[in-house]
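So the chains spell out like this:
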Amino acid sequence: MTNTQVKLLARPVGNPQQSDFSIEETPMPTPNDGEVLIKTQYISLDPAMRGWMNDARSYIAPVGLGDVMRAGGIGTVILSKHPKFLAGDTVSGMLNVQEYVISDGKGMVKVDPKLAPLTTYLNVLGMPGMTAYFGLLESGQPKAGETLVVSGASGAVGATVGQVGKILGLRVVGIAGGKEKCDYAINEFGFDACIDYKNQDVRKALKETCPRGIDIYFDNVGGEILDIVLTRINQKARIVICGAISQYNATSAVAGLPRMAQSAAPVGRVELAGARRHAQPAALSARAAAPGDAPLCTCRPAGRPAVVARLRAGPATAPAAAAHGAAQLHRTAQQRHRPQRRHTSHGVDASDPAAGSAAGQRRRLRPLQAHRTALRHR
């Protein structure tokens with residue numbers, strides 16, 4: 001028997017080409033003592049994979065030339081010489097793009113195929129769910145009544161961010177490409193509104209859907225969308241830099257980041273959703289799953305975000321555990337969300353009926369007026 005592997009041959013410039021990869025048949029690996037042989041069942045095709053191909057400093061070392069392409073996956077242990085794993089165990093971890101993998105068990109987490117469909121462990125119960133949950137709660141510091149805008153709203157991360165935001169009492173506005181994706185965000189994920197950036201004027205639509213400004217922006221795309229959203233942020237807003245997929249194949253200067261640096265002064269918090277934090281998703285998902293709980297909607301398991309490099313910002317926070325049932329996820333959020341300093345909408349209590357008055361907004365937004373004008377005319 002042989003093992004089919006996809007290897008990285010060259011570092012892509014712009015869009016990856018077929019010539020950047022090879023598909024090879026190699027001898028079937030055999031586990032030694034303390035190792036397991038895993039057969040891959042699913043792999044997750046994530047935006048982060050594009051960043052891993054670059055020979056650049058990042059939160060994780062790049063894939064080496066000639067190495068098997070890195071990817072998260074779900075697999076079944078078919079032969080074990082490891083005391084903590086048995087043949088037949090289902091595991092989640094960095095299996096890479098290959099049919100079989102040898103592992104010493106580090107980074108492999110047992111998952112329960114009876115708890116949820118296996119692909120869910122690459123989505124809401126995997127890294128995208130962890131990124132969404134802790135990126136929003138710990139970096140976004142949400143408070144009921146605030147306005148949350150999520151780009152990449154129909155992706156694995158964005159869809160989960162929006163649903164968690166609704167559970168926490170936020171007004172959630174998504175940004176996605178195409179009517180079908182926007183309808184899905186509203187009808188399936190429960191977003192209050194969704195802007196189709198391909199067919200709508202995003203600047204105008206943000207004014208209409210976020211009349212009181214934006215308190216939290218969860219950014220998955222970067223670029224021009226980031227620039228436009230920054231013109232609508234409130235004082236003491238929180239901006240979670242999760243990904244910049246619109247720029248991953250760029251061959252020139254990255255758009256969006258210079259203006260982010262200009263906009264950082266009036267906001268309350270700018271953070272990267274990075275990779276310093278980690279926990280076993282199976283542990284939390286086992287606690288979160290309760291009979292009768294309605295599961296969060298899921299979409300294609302493709303949304304593990306890359307960290308935007310070299311952005312001068314606050315401390316990186318990141319993925320750690322995900323939740324499964326909507327009601328139980330809310331309880332988990334309450335348990336994990338430690339009391340800490342919070343910023344309210346415009347620096348006032350968002351539940352105050354007078355908080356949204358035109359006069360009150362003018363007083364609170366005066367320090368941003370010149371800055372926003374400059375951005376609009378760049």
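This section reports on the structure supplied with the text. (Residues numbered from 1 in each chain as written. Predicted model: local features only at pLDDT ≥ 70, side-chain atom pairs only at ≥ 80, totals over all residues. Heavy atoms only, no water.)

With respect to unusual backbone geometry
Then step 1. Residues other than glycine seldom take positive phi values, yet Asn96 does so here, at roughly 70 degrees.
Then step 2. Along the chain, the position of Asn96 falls in the loop between strand S5 (90–93) and strand S6 (100–103).
Then step 3. Notably, Gln141 is not glycine yet its phi reads approximately 45 degrees, a positive angle.
Then step 4. Within the secondary structure layout, Gln141 lies in the loop between helix H2 (127–140) and strand S8 (147–151). (Helix = DSSP H or I, 4+ residues; strand = E, 2+ residues; numbered from the N terminus.)

Digging into the sheet that holds S6
As a general point, the strands of a sheet are linked pairwise by backbone hydrogen bonds and lie either parallel or antiparallel.
Then step 1. Here five strands make up an open sheet; going across it, the order is S6-S3-S4-S5-S7 and the pairing antiparallel. Each end of this open sheet is capped by a strand with a single partner; those strands are S6 and strand S7 (109–110).
Then step 2. Pairing of strand S3 (residues 36–43) with strand S4 (residues 73–80), which is carried by seven bridges, proceeds in the antiparallel orientation. Across the sheet, the residue bridging to Ile38 is Val77, located in S4. (Pairing = 2+ DSSP bridges.)

Details of the pattern of salt bridges
Then step 1. The tally for this structure, following the rule as stated, stands at six salt bridges.
Then step 2. For Lys39, the salt bridge goes to Glu99, with nearest N and O atoms at 3.4 Å. On the criterion of sequence distance, the pair formed by Lys39 in strand S3 and Glu99 in the loop between S5 and S6 is long-range, its members being 60 residues apart.
Then step 3. Its salt-bridge partner being Glu146, residue Arg238 comes within 2.6 Å of it at the nearest N-O pair. In this pair, Arg238 sits in strand S12 (residues 233–241) while Glu146 sits in the loop between H2 and S8, placing the two residues 92 residues apart along the sequence. Side by side, Arg238 and Glu146 carry an identical accessibility label, which is buried. (Salt bridge = Lys/Arg side-chain N within 4 Å of Asp/Glu carboxyl O. Buried < 20%, exposed > 50% of the residue type's maximum accessible area, 1.4 Å probe, protein only.)

Some thoughts on the pairing of strand S9 (residues 171–176)
Then step 1. In terms of burial, S9 is largely enclosed, as five of its six residues are buried.
Then step 2. Crossover S8 to S9 through helix H3 (residues 156–167) is right-handed.
Then step 3. Of the pairings in the sheet, the one linking S9 to strand S10 (residues 193–196) comprises four bridges and is parallel in character. By the bridge assignment, Gly174 is partnered in S10 with Cys194. (Right-handed = clockwise from strand over helix to strand, strands pointing away.)

Focus: the packing of helix H5 (residues 202–209) against helix H6 (residues 223–230)
Between two packed helices, both the angle of their axes relative to each other and the distance between the axes serve to describe the pair.
Then step 1. Where H5 meets H6, the axes come as close as 10 Å, and the angle between the chain directions of the two elements is 40 degrees. It follows from the interaxial angle that H5 and H6 lie oblique. In this structure, the crossing between H5 and H6 has a hand that is right-handed. Contacts between H5 and H6 involve Val202, Arg203 and Leu206 from the former and Ile225, Ile228 and Val229 from the latter.
Then step 2. Classifying every residue of the contact of H5 with H6 gives five nonpolar, no polar and one charged. (Axes fitted to C-alpha atoms, helices over the stretch in contact; angles between N-to-C directions. Parallel < 35°, antiparallel > 145°, perpendicular 65-115°, else oblique. Left-handed = near helix turned anticlockwise from the far one by under 90°. Contact = heavy atoms within 4.5 Å. Nonpolar A, V, L, I, M, F, W, Y, C, P; charged D, E, K, R; others polar.)

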